[in-house]
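Structural characterization, general
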Amino acid sequence: MAAATANTTFPKASPLTSSFKSSIPISKSTLPFSTTPQKLIPSRSLQISSSLSQSNSNPRSAAATVTPTTSPSHEFISRYAPDEPRKGADILVEALEREGVKDVFAYPGGASMEIHQALTRSKIIRNVLPRHEQGGVFAAEGYARSSGLPGVCIATSGPGATNLVSGFADAMLDSIPLVAITGQVPRRMIGTDAFQETPIVEVTRSITKHNYLVLDVDDIPRIVSEAFFLATSGRLGPVLIDVPKDIQQQLAVPTWNQPIRLPGYMSRLPKAPGEAHLEQIVRLISESKKPVLYVGGGCLNSSEELKRFVELTGIPVASTLMGLGTFPSSDELSLQMLGMHGTVYANYAVDKSDLLLAFGVRFDDRVTGKLETFASRAKIVHVDIDSAEIGKNKQPHVSVCSDVKLALKGINRILESKGAKLKLDYSAWRQELNEQKLQYPLSYKTFGEAIPPQYAIQVLDELTNGNAIISTGVGQHQMWAAQFYKYKKPRQWLTSGGLGAMGFGLPAAIGAAVANPGAVVVDIDGDGSFIMNVQELATIRVENLPIKILLLNNQHLGMVVQLEDRFYKANRAHTYLGYPSNESEIFPNMLKFAEACGIPAARVTRKEDLRAAIHQMLDTPGPYLLDVVVPHQEHVLPMIPSGGAFKDVITEGDGRIQY
């Protein structure tokens with residue numbers, strides 16, 4: 001048997017009480033979305049049927065069962081004879097192989113040694129060895145974010161498992177498909193405070209989509225199938241499988257293609273969106289004079305449908321941090337990012353709009369600011385795959401709980417059928433927004449020979465033609481990378497959005513480079529974030545991954561310094577990261593970290609030398625670190641203070657001014 005821990009994080013019905021008077025009735029589509037995972041492994045198909053338990057004729061026991069089957073054209077060939085006993089660890093590794101897994105990020109320990117021994121026997125799976133478990137889980141996230149396939153990481157029990165926790169929380173908040181496997185102490189020792197024992201299932205219950213403690217070796221094939229199905233269907237997320245060491249060592253003959261039984265989960269998966277709701281959305285569009293699209297990470301798999309929708313309607317597009325790349329940033333209808341550090345014109349558009357089309361978003365506080373004033377003039381249409389998000393923060397007038405891809409396809413079909421009869425003309429609205437673009441462009445100032453960090457990102461964008469995969473840490477550099485690099489397509493932009501985990505950039509770049517061999521992968525990082533997982537330079541060197549690191553080094557915890565400047569009279573409260581006894585020197589010397597790992601590196605301090613230095617970085621084969629020294633007085637602008645409204649937007653100033 002297996003103890004499967006059911007989390008409370010599945011979608012719940014949201015109250016539909018409205019805090020404001022509406023001129024149109026509030027309606028809600030209760031079902032919507034396809035039961036097919038958003039990004040299934042190509043070699044597998046799923047048979048879903050409704051079945052009754054043989055031992056119980058009570059209709060309440062009716063459950064949806066899912067039987068994974070291997071496509072005839074991709075017949076899996078096991079290295080074991082069908083009736084040959086093998087260790088549980090080998091069953092686990094073969095189960096991963098059958099899911100199409102080619103790469104894992106695994107760090108060994110006493111309770112996971114058997115899994116690593118089994119990995120050495122696999123001819124299919126490559127292990128990219130991180131130098132810290134957090135590096136492993138962030139790399140698995142980078143793999144998933146850049147490819148759309150589930151990322152897989154493995155760690156040992158105790159501290160190995162707890163080192164994965166930030167990655168689980170990050171994947172949960174940003175809806176990233178992740179399957180994590182942890183070793184656990186033998187079953188007989190669970191609960192005895194054994195060496196390196198932590199109850200990781202309990203620790204991670206609220207930050208995983210689902211998790212398992214395997215108590216029967218025969219359950220491994222089913223549990224692995226369920227884990228991948230859960231991670232890649234509905235609202236994507238992380239799933240944990242905790243495997244005791246004696247289960248890993250136990251000999252067994254596996255039964256493959258066991259039915260998946262997830263009745264509660266299957267019943268909550270939305271179905272295809274109703275035609276009536278889509279017609280209602282089209283009617284609102286036709287009645288609108290100032291519509292705006294607010295698109296997020298839920299649109300990453302719907303980029304083509306989104307572009308077609310914009311082509312049919314001419315509605316301008318504002319993107320969240322997670323949604324960057326779903327619509328090309330350089331398109332004339334792009335308003336770029338909205339929210340706390342979004343463009344003035346994106347936030348202006350939302351503030352003045354009469355119709356807000358919120359697709360694949362969750363009305364996060366960094367987007368909305370003061371909820372009462374956010375899109376206060378607009379009727380709101382909310383399309384999202386997770387019913388728990390609908391009405392959670394902002395009450396919509398029309399809501400559809402659906403896969404955005406299916407909803408957009410349906411809306412586009414209606415728009416195409418109606419054609420010119422709709423007479424959509426938003427030229428006056430677009431002209432109004434173009435005037436805002438001219439009046440409040442993204443800009444920065446240059447002081448002498450100092451390198452503006454925004455300029456460094458602009459040069460990188462120019463020299464890579466906007467085609468690089470960009471990962472970041474968290475802080476000012478992250479916001480500048482969101483503002484000044486012009487993303488062309490989805491999955492180019494890898495960042496820790498909801499959790500804001502420093503140290504994310506370098507390991508995420510590793511995952512992206514593994515998933516996308518041949519791609520240009522650049523980690524735009526800050527000195528504070530970079531040093532949190534600097535040990536992963538060793539992994540980059542050993543694997544010879546061609547990752548470029550553009551390090552914007554201001555010797556400070558920049559975003560917190562900016563808040564100190566604005567709201568704490570520039571009182572420095574442990575935000576200086578250099579060496580106080582010798583502030584004239586760059587400390588620590590990041591070039592020495594690179595040298596220790598055999599990675600070419602250089603430092604640039606003058607603006608006139610920057611372009612050549614970035615050229616050198618991009619032209620050097622393999623990995624490269626460029627330490628770009630930038631002034632710590634720079635502020636990320638525009639800025640709407642936390643809890644503020646559009647009217648509170650700050651567009652001027654930096655740390656050289658007293659407030």
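Residues numbered from 1 in each chain as written. Predicted model: local features only at pLDDT ≥ 70, side-chain atom pairs only at ≥ 80, totals over all residues. Heavy atoms only, no water.

**Digging into the overall build of the protein chain**
Put simply, the test is: What counts as a helix is a DSSP run of H or I of at least four residues, what counts as a strand is a run of E of at least two, and both are numbered from the N terminus. Exposed residues in this analysis have more than 50% of their type's maximum accessible area, buried residues have under 20%, and partly exposed residues fall in between, with area computed by a 1.4 Å probe over protein chains only.
On a plain count of helices and strands, the protein chain comes out with 23 helices and 25 strands. Counting over 659 residues, the protein chain shows a buried share of 58%.

**Some thoughts on the sheet that holds strand 25 (residues 624-629)**
Going by this rule: Paired strands, as defined in this entry, are two strands with at least two bridges between them according to DSSP. Working rule for contacts: check all heavy atoms of both residues, and any pair within 4.5 Å makes them a contact. Throughout, an axis means a line fitted to C-alpha atoms (over the contacting stretch in the case of helices), and angles, computed between N-to-C directions, take values from 0 to 180 degrees.
On the basis of which strands lie adjacent, the open sheet formed by six strands has the order 21-20-22-23-25-24 and parallel pairing. Lying at the two open borders of the sheet, with one neighbouring strand each, are strand 21 (493-494) and strand 24 (601-604). In this sheet, strand 25 lies alongside strand 24 in parallel orientation, the contact comprising four bridges. In the strand pairing of strand 25, Ala 602 is matched with Leu 626. On the sheet, helix 16 (residues 453-463) packs against strand 20 (469-472), strand 22 (521-526) and strand 23 (547-553) and is oriented at approximately 160° with respect to strand 23.

**Here's the deal with the environment of Ala 407**
For Ala 407, the location among the structural elements is in helix 14 (residues 404-418). Owing to a relative accessible area of 2%, Ala 407 belongs among the buried residues under this scheme. Note: C-alpha distance between Ala 407 and Asp 384 (23 residues apart in sequence) is 9.4 Å. Apart from residues lying up to four places away in sequence, Ala 407 is in contact with Pro 273, Leu 278, Val 383 and Ser 402.

**Overview of the nonpolar core**
As a reminder of what qualifies: As used here, the term nonpolar core means buried Ala, Val, Leu, Ile, Met, Phe, Trp, Tyr and Cys residues forming a set that is joined through side-chain atoms within 4.5 Å.
Within the largest apolar cluster, 53 residues are counted, with the highest numbers of intra-cluster contacts made by Ile 281, Leu 293, Leu 356, Leu 357 and Phe 359. Counting 47 residues, the second-largest nonpolar core is a separate cluster that includes Val 128, Val 137, Ile 549 and Ile 599.

**Looking at helix 23 (residues 607-619)**
To keep things clear, this is the line we draw: One less than the residue count of a helix, multiplied by 1.5 Å, gives the span that helix is expected to have. Within this analysis, the arc is defined by the directions that extend from the helix axis to the C-beta atoms.
The first and last C-alpha atoms of helix 23 sit 19 Å apart over 13 residues, in line with the 18 Å expected at 1.5 Å per residue. Within helix 23, burial applies to Leu 610, Ala 613, Ile 614 and Met 617. What you see down the axis of helix 23 is that its buried residues fit within an arc of 100°, all on one side. More than 90 degrees from the buried face of helix 23, the exposed residues found are Glu 608, Ala 612 and Asp 619.

**A short note on unusual backbone geometry**
For the bond running from Phe 587 to Pro 588, omega is -10°, close enough to zero to count as cis. Mapped onto the secondary structure, Pro 588 falls in the loop between helix 21 (558-567) and helix 22 (590-596). In this structure, the amide linkage connecting Leu 637 to the following residue, Pro 638, adopts the cis form with an omega of 0°. For Pro 638, the location among the structural elements is in the segment after strand 25. Although it is not a glycine, Arg 491 sits at a positive phi angle of roughly 70°.

**Looking at the pattern of salt bridges**
As a reminder, the rule being used: By definition here, a salt bridge exists when the distance from a side-chain nitrogen of Lys or Arg to a carboxyl oxygen of Asp or Glu is within 4 Å.
Tallied over the entire structure, the rule returns 42 salt bridges. Among the salt bridges present, the one from Glu 141 reaches Arg 145, with a minimum N-O distance of 3.0 Å. With a gap of four residues between them, Glu 141 and Arg 145 both fall in helix 3 (residues 133-147), about one helical turn apart. A relative accessible area of 0% places Glu 141 in the buried class. Using a relative accessible area of 6% as the deciding quantity, one classes Arg 145 as buried. Salt-bridge contacts for Asp 654 lead to Arg 656; the nearest nitrogen and oxygen are separated by 2.7 Å. Of the residues examined, Arg 656 reaches a relative accessible area of 33% and is grouped as partly exposed. One salt-bridge network, held together by shared partners, links Arg 79, Asp 90, Glu 97 and Arg 121.

**Points about a nonpolar patch on the surface**
Quick reminder of the rule: Nonpolar side chains (Val, Leu, Ile, Met, Phe, Trp, Tyr) within 5 Å and like charges within 9 Å form the patches, drawn only from residues with over 30% relative accessible area and no salt bridge. Surface accessibility in these figures is a Shrake-Rupley result with a 1.4 Å probe; residues are shielded only by whichever protein chains are displayed.
Side chains of Leu 563, Phe 567 and Tyr 568 sit close together on the surface and give an oily, nonpolar patch of about 320 Å² of accessible area. The topology assignment puts Leu 563 in helix 21. Of the residues examined, Leu 563 reaches a relative accessible area of 33% and is grouped as partly exposed.

**Quick word on the packing of helix 1 (residues 88-98) against helix 7 (residues 220-232)**
Describing two packed helices takes the angle between their axes plus the distance from one axis to the other. Quick note on the threshold: Should the near helix be turned anticlockwise from the far one by less than a right angle, the crossing is left-handed, and should it be turned clockwise, the crossing is right-handed. Classes in brief: Ala, Val, Leu, Ile, Met, Phe, Trp, Tyr, Cys and Pro nonpolar; Asp, Glu, Lys and Arg charged; the others, Gly included, polar.
Their axes nearest at 9 Å, the elements helix 1 and helix 7 cross at an angle of 35°. The two elements helix 1 and helix 7 meet at a crossing, and its hand is right-handed. Together, Gly 88, Ile 91, Leu 92, Ala 95 and Leu 96 of helix 1 and Ile 220, Pro 221, Val 224 and Phe 228 of helix 7 make up the contact between the two elements. Residue composition of the contact of helix 1 with helix 7, grouped by class: eight nonpolar, one polar and no charged.

**Some remarks on the confidence of the model for the protein chain**
Let me state the cut-off plainly: By definition, pLDDT measures how confident the predictor is in each residue, and it falls between 0 and 100.
In the predicted model, the protein chain carries a mean pLDDT of 90, and 89% of its residues have values of at least 70. Confidence drops under a pLDDT of 50 for residues 1-73, and excluding neighbours within four residues, the segment shows 190 contacts in the predicted structure.

**Considerations on the packing of helix 12 (residues 344-352) against helix 15 (residues 427-439)**
Between helix 12 and helix 15, the shortest axis-to-axis distance is 9 Å and the interhelical angle comes to 145°. Crossing handedness for the pair helix 12 and helix 15: right-handed. In this structure, helix 12 uses Val 344, Tyr 345, Tyr 348, Ala 349 and Lys 352 to contact helix 15, whose residues at the interface are Trp 429, Glu 432, Leu 433, Gln 436 and Lys 437. When the residues that make up the contact of helix 12 with helix 15 are grouped by side-chain class, the tally is six nonpolar, one polar and three charged.

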